[in-house]
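# Breakdown of the fold
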Amino acid sequence: MSNADEPDELGQDLRRLFADERLTVPHSEGAGEAIVAGARRRRRRRHAATGSAVATGVLMLAGVAVAVPQVYDSPPHVASPADSDDGDARGQEPAEPTTPEASPEEDAADPGRELHEQRERERTTPRSPAAEVEPGEPGNGEHDGMTFGGDPTLGPGGYGALRIGMGFEDAREAGLLANAGAGPPEGCDSYTLAEGTDSVRTVRISASTGVAVIIASGAETPAGAEIGDTLDEVSEAHPGLDGDAGTYRAKAAEGAHYLFEFDEGVLERLSLRSDDPGEC
Amino acid sequence: MAGDDEDFAEFVESALPGLLRYGHALTGNPHDAADLVQTALEKVGARWREVRRKTQDPTAYVRRAMANAHISRWRRTRRENLVADIPERQGNPASDPFEHEPLWQALRELPPRQRAVIVLRYYEGLSEQEIARSLGISQGTVKSQASKAIASLRSRLTVVTEEQ
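Owing to the predicted nature of the structure, the values given are computational and were not obtained by experimental measurement.

### Description of the overall build of chain B
Each helix and strand in chain B was counted, giving eight helices and zero strands. Traced from its N-terminal end to its C-terminal end, chain B shows the element sequence α-α-α-α-α-α-α-α. Scored against the burial criterion, the 164 residues of chain B give a buried share of 54%. A fraction of 63% describes how many contacts in chain B between residues 6 or more apart in sequence connect residues 24 or more apart.

Structural data, given as structure tokens:
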């Protein structure tokens, strides 16, 4: 890439920076194993004819995020709403790589097969609509995080004893956090749960407003939406989804909402978020 | 499937440290790096046999998937943030190991796609054409994004220098 704009000195500085050893991100020993298990789980979901088949034998990542805050307490860089120099990036949907040899997403969804699987699931896995588990229903919050029919539940007000809005100290004193030794959040920091990461991958806690985001791994919403679901399945479980272009919100308990993020029509990220996430 | 799992496990074992580093360069922080790497690897691992058949270099494949995922996730999160009207996040520069690195701080200000172009070029050493293919954009766009990014980095670095 040689042209008049070639920033020789700046280019060298960038190469030097990207070679800096401080870019290293430590990870725990079990991280690789957990990723392999996570991949297996995704594969099973893709091929599963029934929802119940995936509820057993599930392992998820144990440790990539755990090891991080102890060496580097920087708050997660969630987004940069202030970015204003997006230029022609704005309004364009990100395109997938088109390299014939290597195209990370091109075959992620065979529409015919996906549809088949979806129908298969619909036939064999009846879902309970969200209305049966009203957010904020009396007593409902106390049962968050308990196991209903296999998978633990996320929401509507938290995950088990961990509640949206709960302060870092309360969460630590209750023994909920795995890496509480890392200290309280400065701004916004990520934590993992003492119970492991089978159900919840990461919790983001804001210094000012407490538990702000709970990101699911294996957990599902009380209405039954979980990672790997199609948009139709999530819509069925949560009528009145609000959003478009792959990102949808649904009301959870008072002061909280679910965020469903889809990639190629499949739920990729599921999180419960505070309506007042502070710095997160 | 057991053989595939074993093969994938070996790949993860050897590629994970490098991918985490790359994710750190791409996202600017280790938390998002871990999140991005985990998601990308799980997706690739879920169809490992196909990926293996398609590419000789699965690491490059995962890196490019990460760049695309990062750009599109940023868009989603930004949309979410607009909806939720989140106040601009406050940074925590005190615990950032690159706190005294003006170039790192300047990189933080770049929109994700510009940053991705810079990372693909100076971290991965890709050509303009390869970057265009990786991100699914035209070479012209790569050129314009790169020069915007460089101009922006230069001007921020100038400001920093003048302030000191």
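### Section: the overall build of chain A
Assigned secondary structure in chain A consists of six helices and nine strands. For chain A, the proportion of its 280 residues judged to be buried stands at 49%. Taking all contacts inside chain A whose residues are at least 6 apart in sequence as the whole, residues at least 24 apart take part in 59%.

### Some words on the sheet that holds strand 7 (residues 247-251) of chain A
Strand pairing in a sheet takes place through backbone hydrogen bonds and is either antiparallel or parallel in direction. All names here are of chain A. Strand order in the open sheet formed by seven strands is 3-4-5-9-8-7-6, with antiparallel pairing between adjacent strands. The sheet is open, and its two borders are formed by strand 3 (188-191) and strand 6 (242-244), each paired with just one other strand. The mean inter-strand angle of the sheet, taken between neighbouring strand axes irrespective of direction, is 20 degrees.

### Some words on the pairing of strand 8 (residues 256-263) of chain A
All names here are of chain A. By the bridge criterion, five bridges tie strand 7 to strand 8 in an arrangement that is antiparallel. Within strand 8, the residue paired with T247 across the bridge is E261. The antiparallel pairing of strand 7 with strand 8 creates a hairpin that spans four residues between the two strands, and G255 there sits at a positive phi of about 80 degrees. As paired elements, strand 8 and strand 9 (residues 266-274) share eight bridges and run antiparallel to each other. Of the residues in strand 9, the one forming a bridge with L259 is S271. Here strand 8 folds back onto strand 9 in antiparallel fashion, the turn holding two residues, of which E264 has a positive phi close to 55 degrees.

### Here's the deal with the environment of A:G155
Tracing the backbone shows A:G155 in the loop between helix 4 (111-124) and strand 1 (158-159). When the C-alpha positions of A:G155 and A:A252 are compared, they lie 6.7 Å apart, and in sequence the two are 97 residues distant.

### Quick word on the nonpolar core
Generally speaking, nonpolar side chains in soluble globular proteins are found buried as a group. Residues B:V37, B:A40 and B:M66 are the most contacted members of the largest nonpolar core, which totals 55 residues. Setting aside its immediate chain neighbours within four residues, B:A40 contacts B:V62, B:A65, B:M66 and B:A69. Judged by nonpolar contacts, the second largest core, of 38 residues, contains A:L162, A:V200, A:A216 and A:C280.

### Quick word on the confidence of the model for chain B
Residue and element names in this part refer to chain B. Mean pLDDT over chain B: 83, with 82% of residues reaching 70 or higher. Mean pLDDT across the elements of chain B ranges from a minimum in helix 4 (residues 58-84), with 72, to a maximum in helix 6 (residues 112-122), with 94. Across residues 79-94 the pLDDT falls below 50, and counting only partners more than four positions away or on other chains, this stretch makes 26 contacts in the model. Prediction confidence for the complex, expressed as pTM and ipTM, is 0.57 and 0.84 respectively.

### Quick word on the pairing of strand 9 of chain A
Residue and element names in this part refer to chain A. Burial runs high along strand 9: nine of the nine residues are buried. One ladder, built from three bridges, connects strand 5 (residues 210-216) with strand 9; its direction is antiparallel. Considered in strand 9, the bridge of V213 is made with R273.

### Here's the deal with the environment of A:G32
Tracing the backbone through its elements, the reader meets A:G32 in helix 2 (residues 31-47). When residues no more than four places from it in sequence are discounted, the contact partners of A:G32 are B:A9, B:V12, B:E13 and B:L16.

### Some points on the packing of helix 1 (residues 2-27) of chain B against helix 2 (residues 30-46) of chain B
All names here are of chain B. Taken N-terminus to C-terminus, the directions of helix 1 and helix 2 make an angle of 140 degrees; their axes are 8 Å apart at the nearest point. One element, helix 1, and the other, helix 2, form an angle in the oblique class. Viewed along their axes, helix 1 and helix 2 form a crossing whose handedness is right-handed. Here F8, V12, L19, L20, G23, H24 and T27 of helix 1 lie close against helix 2, whose contacting residues are P30, D32, A33, A34, L36, V37, L41 and G45. A breakdown of the residues in the contact of helix 1 with helix 2 according to their chemical character gives ten nonpolar, four polar and one charged.

### Brief notes about unusual backbone geometry
Omega for the peptide link from A:G155 to A:P156 comes to 5 degrees, which places this bond in the cis form. Here A:P156 shows up in the loop between helix 4 and strand 1.

Calculation criteria
Residues numbered from 1 in each chain as written. Chains lettered and ligands numbered in written order. Predicted model: local features only at pLDDT ≥ 70, side-chain atom pairs only at ≥ 80, totals over all residues. Helix = DSSP H or I, 4+ residues; strand = E, 2+ residues; numbered from the N terminus. Buried ≥ 20, exposed ≤ 12 C-beta atoms within 10 Å, placed from the backbone. Contact = placed C-beta atoms within 7 Å. Pairing = 2+ DSSP bridges. Axes fitted to C-alpha atoms, helices over the stretch in contact; angles between N-to-C directions. Core = buried A, V, L, I, M, F, W, Y, C linked by C-beta atoms within 7 Å. pLDDT = per-residue confidence, 0-100. Parallel < 35°, antiparallel > 145°, perpendicular 65-115°, else oblique. Left-handed = near helix turned anticlockwise from the far one by under 90°. Nonpolar A, V, L, I, M, F, W, Y, C, P; charged D, E, K, R; others polar.

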